[in-house]
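# Commentary on secondary and tertiary structure
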Amino acid sequence: MKKYVLLIVALIVVLAAIAACAPAPTATPLPKPTEPPKPTAVPPTAVPKPTEAPKPTTAPTEVPKPAAADGVALLSDRCASCHNLDRVRSAAKSKDQWTTTVDRMIGKGVKLTDAEKSVLIEYLAKTYAAAAPQPTTAPATPPAPKCDKLASALSPKAGELGAADKPIVITFVPSVDVGLITKGGTAMAECLTKMTGLTYKIEVGTSETASVEAMGGNKAQFGFLNTFAALLAKEKYDVDVLLVAQRKYGVLKPDKTYTAFDFDPDKALAGQLTSYYKPEYFTKTGSGIKTLADLKGKSFCFTTASSTSGGIIPRAVLKAMGIDPDKDMKSSYAGGHDKAAISVYDGTCDAGVAFMDVLTDSATNLAGKFPDIAQKVTVFAVGDRIPNDGLQAAKGLDPKIRDITVEALLAMMKDPGGNAVVKGIYNYDEFEKADFAKYYGPFADTLKKAGIDVSSLVRK
């Protein structure tokens, strides 16, 4: 038993020795905790740019602009139905002038849409353009009117004619541009008010006969009536003629001197003050119209039906020659002396008539608006003498009011500034004190002998 115990102990010792001599086991390291993988750096995704439309391989289509051919077609279709296109082709105007012409034709019945109107004006302005005007020296500015109070000035009471609450009315006939008349007439009335102590205001009649009726109905106390209107006003309402205008006779030249047409029997009077004037007949330069007889079959522009030199007298003269303006000519009324000249200048009419010399008249200033009008329009005849227009007073007007108004107007004409105001309305150079018998009476007698009845010829 003892032997077994010793044997077991020895075995344990041997095993312990073997274990001690064996190499130490290599410790297996515990794996480190796995770190989450770092994300792979990816460049940030950019916000996508808006997708651009692919560029066309050809130029983008623009809204088509009106072709020149459209203007040609409109000119042929709309304009040639009323008149020969030669007058258009021979014209040369600015865009504004062509716009005025087209507007006038629309007023006469030509049908154009707004788009067609624009196309036609653009075509005309490009194809028949006006030459650039030559620079001119600006006219000297006239001095301001003096308008000093007269020693005989009146002091009307409230409610009396001439007081501020009951102004004296002066009527003007619309023979030239209404804006021009209104501007000059207003300046005249303001000066008269300062000079006389009376209050004045103006009106421009819608026609010559409208001004006559205003005086006859005592709605206007004074009137600047044209010759035929003065005759009618005398016949119907017995108005008083107070002043007759005087103008320098003839044609105003660029150097401010006067000349006259070679065919005018009164050409020796050029530059002199006269109390009468004449109608002048004009046509487009090169038209072939040389006498009144050549007007038959042509288009012709009168001024207004009740104008002396621009309507009644020329119509009577043509009828006496055997030419009926309503049957043998394509007659129309342009609406004023300046408008008749413009209508020939722009080709609306083959010929026309107005007072002499509307082309160079300083008040209408056509030469300033159309620098080449004297070259494009030619005067081929003048008529007989007609007494000038002037100032008339309604029947029964207080003599004190009548006399001081005349005194003030004559004083204005002697003052350079006042003269410029009055001249700017109807191109008056002076006034002559005269009654009906001096000029209008003999003229009325001449008309009666010729079988012309004033009241039947003057139209509203």
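Summarised in this report is the structure supplied together with it.

Cut-offs and rules
- Residues numbered from 1 in each chain as written.
- Predicted model: local features only at pLDDT ≥ 70, side-chain atom pairs only at ≥ 80, totals over all residues.
- Heavy atoms only, no water.
- Helix = DSSP H or I, 4+ residues; strand = E, 2+ residues; numbered from the N terminus.
- Buried < 20%, exposed > 50% of the residue type's maximum accessible area, 1.4 Å probe, protein only.
- Contact = heavy atoms within 4.5 Å.
- Areas by Shrake-Rupley, 256 points an atom, 1.4 Å probe, with all protein chains shown as cover.
- Polar contact = N/O pair within 3.5 Å; in protein donor to acceptor, adjacent residues only side chain to side chain.
- Disulfide = S-S within 2.5 Å.

Helix and strand counts for the chain come out as 16 helices and 16 strands. For the chain, the residues scored as buried account for 44% of the 460 residues in total. Once local pairs closer than 6 in sequence are excluded, the contacts in the chain between residues at least 24 apart make up 76%. Carbon together with sulfur atoms contributes 59% to the accessible area of the chain, which is approximately 25,400 Å² in total.

This next bit is on the side chain of Ser 307. Mapped onto the elements of the fold, Ser 307 is located in the loop between strand S10 (299-302) and helix H9 (308-320). Looking at Ser 307, the relative accessible area reads 2%, which means it is buried. Of note is the side chain of Ser 307, whose polar atom sits 3.0 Å from the backbone nitrogen of Gly 310. Filtering out sequence-adjacent residues up to four positions away, Ser 307 remains in contact with Glu 208, Asn 226, Ile 312 and His 337.

For the rest of this paragraph, the subject is the state of the cysteines. This structure, assessed with the given rule, holds 2 disulfides. Here Cys 147 is linked by a disulfide to Cys 191, with a sulfur-sulfur distance of 2.0 Å. Handedness here is read from the sign of the S-S torsion; for Cys 147 and Cys 191, about -115°, the answer is left-handed. Residue Cys 147 is found in the loop between helix H5 (114-127) and strand S1 (168-172), and its partner Cys 191 is found in helix H6 (residues 178-196); the two are separated by 44 residues along the sequence. Look at Cys 147 and you get buried, because its relative accessible area is 12%. Residue Cys 191 is classed as buried on the basis of its relative accessible area of 3%. A sulfur-sulfur separation of 2.1 Å characterises the disulfide bridge that pairs Cys 301 with Cys 349. Every disulfide takes its handedness from the sign of the S-S torsion; for Cys 301 and Cys 349 that torsion is 55°, giving right-handed. You can see Cys 301 sitting in strand S10 and its partner Cys 349 sitting in the loop between helix H10 (337-345) and strand S12 (351-355), a full 48 residues away along the chain. Of the two residues examined, Cys 301 and Cys 349, each falls in the buried class. In the chain, the bonded cysteines, numbered by position in the sequence, are linked as 1-2, 3-4.

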